[in-house]
Amino acid sequence: MALYDEKLKSKINKLPARPGIYQYFDAAGKIIYVGKAKNLKNRVLSYLNKSNQYGKTLVMIKKVENLEFVVVDSEQDALLLENNLIKKYQPRYNVMLKDDKTYPWICIKNEPFPRVFMTRNVVRDGSEYYGPYTSARFAHVLLALIRSVYKLRTCSLKLTDTTVQAGKFKVCLQCHIGNCRAPCVGTIDRAAYEQGITCIRDILKGNISTVIANLTEKMRSLSAEWLFEEAAQVKNAVEILGSYQLKSTVVNPQLHNIDVFSYLDDEQYAYVNYLRIMHGAVNQVHSIQLKKQLDEPKESLLSFAIYEIRQLVDSDSKEIIVPFLPDMQQSGGHYIIPKIGDKKRLLDLSERNVAYFKLDKDKQRSVVKEDSVFNRLKIIKEELKLPAIPHRMECFDNSNTQGTHPVAACVVFLDGKPAKKEYRRFHVKTVVGPDDFASMDEIVYRRYSRVLDEGRELPDLIVIDGGKGQLHSAVNSLKRLDLYGKIPVVGLAERMEELYFPGDKDPYMLAKNSVSLKTLMHIRDEAHRFGITFHRKLREKPLTRSVLNEIKGIGEKTENALLQHFKTVNKIKNSSLEELAAEVGLAKARIVRAYFDSLPASD
């Protein structure tokens, strides 16, 4: 806005001194910022204070052409409305949650005999969701623990009491190997199955001690009734849960249902870590990264993050441990800033987590920056001592089975990425028997003689799948074409991932984490995959059509038609003349029928 726009200043002066949200609009009528305030008038007037007019804030203020506001009853309502409007309109100058992940949840499905599984999609159909879990590995471990103890079904059968009693289903492999108690055939009733689901809810909520106590009591009861086999199974479950509980970070058994938040920031981002404490143990860990848009105060950013995370994990904790007071109170909770004791240790733990999280994000950004296409190609040029950056790389690989169906493949990478439209397959034509060296000589010569004839682009680097022998053959071909010395060529031996250069007796070993080695291995593996796929198709073709090929007068088109309809040669053999004629015509049908009739009858 014009900073001294009288019409807008008049509107601001009429703002109420009440909690609410305000929206800034640009000249096009688009929302560019949504803010919350305990006192709308004071907050919006603060933007006209020259001490606040710097950086991105000043840029935003100059774009404001209109202002609208909504008065609400409380700070919590203002926080909720602001959050919803930011998600809906995604204003340019609002803080944004930098998170493109969909985190895993563990779902207890809303159905008879519920399944328990991991998912990244939350469907509001009455099912229960626990999480999110920052680590998918941890979610898998927890799910494996649950399934090892409670033997739940994993199938998607529509089980009801009626269908189970009617015997509509059969047990599957999971039941036979002891992973499922087969509710589909009634080996466990609904009440007993639901008891297990109740225990699973407690485990997912972090209340493992209660589950262990109940199972221990059940084990003693079974032992008293001399049901020792069943008691041993329960004992095994108790030991598994006990082992898992020991690995949990236990703080103080007296601490229960507490949220812990810590905060760290730099010039561009803010980082917030969340710990959920249930029954004295850390039950959940979650961290988020916020992209700063304006010069938002840390109190406002922490308030935004706390609301976002508590909404995500559906937290109802009354105690919220924080390093400093956020600018807005959370509904149903009160803030605590501990100075000593167990709660201070929890805050310290969270602060260590947020520091590690920030360090990890910094490293990721650094790696992305360093791993740009140009930098990777530049590293390859330097490590392989190439005369130019290898924008175009081509790799060759041979494939044959004891000399049969010898083929070769050439793959092309442009700026480090596969250019699949330029891949080429070759039938080896001049080599008899399994001779990789001669095959490589032929294919490299054919490839680049054609490239030269057609005036196409030559590569910046040729990669040969193989050691000294294959490399020597490729070099001979390049010499005959007068390309040797003009195009760099290297051999990559698979066994030790050694590099061979023309004229060198000894191989060159790159570090296993070298960008150059990883890139060359990727190109070599792609050439191998492409060549093997082609070779496999050639091997399979005669296996399916060898008999039909023997029939004089039957071509490939007729073969295809017969095999497409009858599926197998045996069915073609046993078909009547009329059935064959319906697919390929009477003349061809008579030829096929006559051929099979002439064969000696088998016992």
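Look a little higher up for the structure.
Residues numbered from 1 in each chain as written. Predicted model: local features only at pLDDT ≥ 70, side-chain atom pairs only at ≥ 80, totals over all residues. Heavy atoms only, no water.

**Student:** Now, about the overall build of the protein chain: what can you tell me, with residues and values included?
**Tutor:** The helix and strand tally for the protein chain stands at 20 helices and 19 strands. For the protein chain, the proportion of its 603 residues judged to be buried stands at 44%. Put simply, 60% of the contacts in the protein chain that link residues at least 6 apart link residues at least 24 apart. With an accessible surface of roughly 32600 Å², the protein chain has 52% of that area assigned to carbon and sulfur atoms. (Helix = DSSP H or I, 4+ residues; strand = E, 2+ residues; numbered from the N terminus. Buried < 20%, exposed > 50% of the residue type's maximum accessible area, 1.4 Å probe, protein only. Contact = heavy atoms within 4.5 Å. Areas by Shrake-Rupley, 256 points an atom, 1.4 Å probe, with all protein chains shown as cover.)

**Student:** So what's going on with the sheet that holds strand β3 (residues 66-71)? Which residues, and what values?
**Tutor:** Within the open sheet, the three strands sit side by side as β2-β1-β3. Their pairing is antiparallel. Bordering the open sheet on either side are β2 (31-37) and β3, each of which pairs with just one other strand. Taking each pair of neighbouring strands and ignoring which way they run, the sheet shows an average axis angle of 20°. (Pairing = 2+ DSSP bridges. Axes fitted to C-alpha atoms, helices over the stretch in contact; angles between N-to-C directions.)

**Student:** Report on the state of the cysteines, specifying residues and quantitative values.
**Tutor:** A complete count under the given rule lists zero disulfides for this structure. There is no disulfide at Cys175, and the cysteine sulfur nearest it, in Cys180, is 6.2 Å away. We classify Cys175 as partly exposed; its relative accessible area is 24%. With no disulfide of its own, Cys410 lies 7.9 Å from the sulfur of Cys395, the closest cysteine sulfur. Residue Cys410 is classed as buried on the basis of its relative accessible area of 0%. (Disulfide = S-S within 2.5 Å.)

**Student:** Help me get a handle on the layout of surface pockets, residues and values and all.
**Tutor:** Quantified by volume, the second largest pocket comes out at close to 670 Å³. Considering the residues around the second largest pocket, the lining is formed by 22 residues, among which Val149, Tyr150, Arg181, Lys218 and Val234 are closest to the centre. Only α5 (136-150), α8 (190-204), α9 (208-224) and α10 (228-247) provide two or more residues apiece to the lining of the second largest pocket. With six residues, α10 is the single largest residue contributor to the lining of the second largest pocket. Residue composition of the lining of the second largest pocket, by class: 12 nonpolar, six polar and four charged. (1 Å grid on protein atoms, 1.4 Å probe; cavity = no way out; pocket = protein on both sides within 12 Å on 5 of 7 lines; lining within 4 Å. Points joined across faces, edges and corners; volume = space filled by probe spheres on them. Nonpolar A, V, L, I, M, F, W, Y, C, P; charged D, E, K, R; others polar.)

**Student:** Can you explain the pattern of salt bridges? Please cite residues and give values.
**Tutor:** Evaluation of the coordinates by the stated rule reveals 27 salt bridges. We note a salt bridge from Arg115 to Glu111, for which the minimum N-O separation is 2.8 Å. Comparing Arg115 with Glu111 shows no difference in burial state: the two are buried. Among the salt bridges present, the one from Arg190 reaches Asp161, with a minimum N-O distance of 3.4 Å. In this pair, Arg190 sits in helix α8 while Asp161 sits in helix α6 (residues 161-165), placing the two residues 29 residues apart along the sequence. (Salt bridge = Lys/Arg side-chain N within 4 Å of Asp/Glu carboxyl O.)

**Student:** Any chance you could break down the nonpolar core for me, citing the residues and the numbers?
**Tutor:** The biggest cluster of nonpolar side chains holds 37 residues, and the ones touching the most others in it are Tyr150, Ile200, Leu204 and Leu241. Elements that contribute at least two residues to this core include exactly β5 (105-108), α5, α8, α9 and α10. If one sorts the elements of this core by residue count, α5 sits on top with seven residues. Each residue touching Leu204, except ones within four places of it in the same chain, is listed here: Ile106, Ile108, Tyr130, Tyr133, Leu142, Ile146 and Asn283. Listed in part, the 30 residues of the second largest apolar core include Val34, Val72, Tyr274 and Phe304. (Core = buried A, V, L, I, M, F, W, Y, C linked by side-chain atoms within 4.5 Å.)

**Student:** So what's going on with α8? Which residues, and what values?
**Tutor:** Here α8 is 15 residues long and its end C-alpha atoms lie 21 Å apart, about the 21 Å a rise of 1.5 Å per residue gives. Residue Asp189 occupies the N-cap position of α8, its side-chain oxygen lying 3.3 Å from the main-chain nitrogen of Ala191. Just downstream of α8 lies Gly206, where phi reads positive at about 90°. (Expected span 1.5 Å × (residues − 1). Polar contact = N/O pair within 3.5 Å; in protein donor to acceptor, adjacent residues only side chain to side chain.)

**Student:** I'd like a rundown of the sheet that holds β5, residues and numbers included.
**Tutor:** What the three strands build is an open sheet, ordered β6-β5-β7; its pairing is antiparallel. What marks the edges here is a single partner per strand, and that holds for β6 (116-119) and β7 (128-130). In this sheet, neighbouring strand axes are inclined to one another by 30° on average, regardless of whether the strands run parallel or antiparallel. Here three bridges tie β5 to β7, and the two strands are oriented antiparallel to one another. Opposite Ile106, over in β7, you have Tyr130 as the bridge partner. Packing against the sheet, α8 makes contact with β5, β6 and β7, and its axis sits at approximately 160° to β5.

**Student:** Help me get a handle on the packing of aromatic side chains, residues and values and all.
**Tutor:** In the structure shown here, the tally under the stated rule is 13 aromatic pairs. For the pair Tyr595 and Phe596, a centre-to-centre distance of 5.4 Å together with 75° between the ring planes defines the contact as edge-to-face. Taking the relative accessible area as the measure of exposure, Tyr595 reaches 17% and is therefore buried. Assessed through its relative accessible area of 6%, Phe596 is described here as buried. (Phe/Tyr/Trp six-rings, centres within 6.5 Å; stacked < 30°, edge-to-face > 60°.)

**Student:** How would you sum up the environment of Ile320? Please name residues and give values.
**Tutor:** In this structure, Ile320 sits in strand β11 (residues 319-321). Separated by 13 residues in sequence, Ile320 and Gly333 have C-alpha atoms that sit 6.5 Å apart. If sequence neighbours within four positions are ignored, Ile320 has contacts with Asp259, Phe261, Arg310, Gln330, Gly333, His334, Tyr335 and Ile336.

**Student:** Can you tell me about a positive patch on the surface, naming the residues and giving the values?
**Tutor:** Residues Lys30, Lys56, Lys63 and Arg92 make up a contiguous surface patch of positive charge. As for its placement among the helices and strands, Lys56 is situated in helix α3 (residues 55-63). Here Lys56 falls in the partly exposed class, since its relative accessible area comes to 40%. (Patch = residues over 30% accessible without salt bridge, like charges linked within 9 Å, V, L, I, M, F, W, Y side chains within 5 Å. Lys, Arg positive; Asp, Glu negative; His and termini not counted. Charge placed at Lys NZ, Arg CZ, Asp CG, Glu CD.)

**Student:** Tell me what's going on with the side chain of Gln470, and back it up with residues and numbers.
**Tutor:** If you trace the backbone, Gln470 turns up in helix α15 (residues 468-480). A polar side-chain atom of Gln470 sits 3.2 Å from the main-chain amide nitrogen of Gly467. Discounting chain neighbours no more than four positions away, the residues touching Gln470 are Asp436, Phe437, Met440, Ile464 and Asp465.

**Student:** Account for the pairing of strand β18 (residues 489-493), with residues named and values stated.
**Tutor:** Look at any regular strand and the pattern is simple: side chains alternate between the two faces of the sheet. The element β18 is largely enclosed, with a buried count of five among its five residues. Side chains of β18 alternate between two faces, with Val489, Gly491 and Ala493 and Val490 and Leu492 buried alike. Relative to β18, strand β17 (residues 461-465) runs parallel, the two sharing four bridges. Across the sheet, the residue bridging to Val463 is Val490, located in β18. After leaving β17, the chain enters α15 and then returns to the sheet as β18, a path that is right-handed. (Right-handed = clockwise from strand over helix to strand, strands pointing away.)

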